[in-house]
Amino acid sequence: MTANILVVGSGGREHALAWCLARSPGVEAVWVAPGNGGMTSPAMEGSAAITTLAVAADDGPGLVKLCQDKAITLVVIGPEGPLAWGLADVLRRHGQTVFGPGAQGAQLEASKAWAKQLMVEAAMATAPSWVVTSRREALDLLHHLGRPLVVKADGLAGGKGVTVANTMAEAETAVERAFAGAFGQAGERLVLEERLEGPEVSVLALCDGQDLLLLPPAQDHKRIGEGDTGANTGGMGAYAPVPFLSPQDLEHMRSTIFLPVLEALQGRGIDYRGVLYGGMMLTREGPKVIEFNCRFGDPECQCLLPLLEGNLAAVLHSCALGQLAEAPPLTTQDSMVSACVVAAAAGYPGPVRQGDLITDMGDSSGHGVVFYAGVKPTGAGQLKTAGGRILASVGLGHDFDQAFDHAYKRLEGIDYIGKTVRSDIGHQVRGT
Ligand code: AMP
Ligand code: GLY
């Protein structure tokens, strides 16, 4: 396969995708739109060049033109925003081969009510829930049931739309905020849901519409503070694979959750070609679905891709063509595990300071890789901070202690004012 690939997006996930695609055999060039200043890399032995282009992820006509100008053979769409407004549909209408669902399929993430309905129809294990469209309806339901429910804005809310209420007062406040417009249109409809308990894992499947390939399960760390405390973030670190999920557990999820979702989507006439991300809670009664996303997780993607062995470009291309069976094997590096630690800016997930110079002593060990997210070039060949999550350091090892050692050591050599790192990522699996 000779491939000229476009990755759409600008975060750490897209850097990891570009990096892994550039190393895939047969790839000639990887373009990223709009990308970020930390992503570009010249072609090196066994790797294609990565080049960023200043075309925004919401600029449909601009991206169509870019595909034509650069003779793109595969487009990989990273973030949920462009998937939800239908970028994949626009590009497909212009004859492009795209990895990423169209707007209809992306409703799995863009409407929690729509996703819940599909889960119920496909009879999969998930929390009981109610959809409400007014403040009165929501408060009546809470008072009728007499217990705090999880309150979720229906639409995309940048990861801030969910309140896991501990008290009735918290649940009521979340309802009031949503109907007062805290999430704009995304909060005009709410899903109220019973609370589930247990560890959470992210299970990602590469789908071709009918068939799918499960990647190793990963565990994210959503809270900003040590010991999983404080505000929810986009994700402060991850590790993979998750040792407490067996191959049998995964096979069970495949047959009771992932394949039924693809079937239910087909039943709605949706040919889902892209990532199906299941946020799973491992409850005492077994795994239950918390949510679906229509894209790679961030930072799960940064954690998972370096762990894989095979030709990612060929696999995503096969999925995009609806021919996963034709794809070459994509496996996990033998007896290796992966650790990913995110460095954020001071203040994240609230307002952050920006514009601080990033210094990097470089990597002498060769055991890790750094993926950049919220950065901008200084103009003098260096990078400065320009966002909430700045970068992710990923280390591989034969066990988690070694992998995290590599990831944290690499981070020690990178500095900027306000560098914010959780020191306990992977506490579940380190020292075991
Ligand atoms: P979501 O935006 O759907 O990913 O939800 C954000 C976070 O809220 C999840 O990662 C869970 O930690 C938590 N959450 C969502 N739904 C539930 C639930 N039914 N029970 C307990 N926690 C939940
Ligand atoms: N890391 C969680 C997410 O990407 O939704």
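Residues numbered from 1 in each chain as written. Chains lettered and ligands numbered in written order. Predicted model: local features only at pLDDT ≥ 70, side-chain atom pairs only at ≥ 80, totals over all residues. Heavy atoms only, no water.

### Comments concerning unusual backbone geometry
- Residue Pro-241 is reached from Ala-240 by a cis peptide bond, and omega for that bond is -5°.
- Here the residue pair Tyr-348 and Pro-349 is connected by a cis peptide bond, since its omega of 10° sits within 30 degrees of zero.
- With respect to the element layout, Pro-349 can be found in the loop between β20 (337-344) and β21 (357-360).
- Its identity is not glycine, yet Ala-71 carries a phi of approximately 50°, on the positive side.
- Here Ala-71 shows up in the loop between α2 (60-69) and β4 (74-77).
- Residue Asp-228 is not a glycine yet carries a positive backbone phi of 55°.
- With respect to the helices and strands, the residue Asp-228 is situated in the loop between β13 (223-225) and β14 (229-232).
- The exposure class assigned to Asp-228 is partly exposed, which follows from its relative accessible area of 29%. (Helix = DSSP H or I, 4+ residues; strand = E, 2+ residues; numbered from the N terminus. Buried < 20%, exposed > 50% of the residue type's maximum accessible area, 1.4 Å probe, protein only.)

### Side note on the sheet that holds strand β5 (residues 98-99)
- Pairing in this open sheet of five strands is parallel, and the strands run β3-β2-β1-β4-β5 from one edge to the other. Each edge of the sheet is formed by a strand with only one pairing partner; in this case those strands are β3 (49-52) and β5.
- Pairing geometry for strand β2 (residues 27-34) and β3, over four bridges, is parallel. Bridging across to β3, Ala-29 finds its partner in Ala-49.
- Lying over the sheet, helix α1 (residues 12-22) contacts β1 (3-9), β2, β3 and β4, oriented at roughly 170° with respect to β1.
- Lying over the sheet, α2 contacts β1, β2 and β4, oriented at roughly 160° with respect to β1. (Pairing = 2+ DSSP bridges. Contact = heavy atoms within 4.5 Å. Axes fitted to C-alpha atoms, helices over the stretch in contact; angles between N-to-C directions.)

### Describing the site of ligand 2
- The environment of ligand 2 is formed by Asp-220, Lys-222, Gly-234, Tyr-277, Asn-293, Arg-295, Gly-297, Asp-298, Pro-299 and Glu-300.
- Arg-295 places a polar side-chain atom, nitrogen or oxygen, 2.9 Å from an oxygen atom of ligand 2.
- One nitrogen or oxygen atom from the main chain of Asp-298 is found 3.0 Å from a nitrogen atom belonging to ligand 2.
- Class assignment of the residues belonging to the shell around ligand 2 gives a composition of two nonpolar, three polar and five charged. (Near = heavy atom within 4 Å. Polar contact = N/O pair within 3.5 Å; in protein donor to acceptor, adjacent residues only side chain to side chain. Nonpolar A, V, L, I, M, F, W, Y, C, P; charged D, E, K, R; others polar.)

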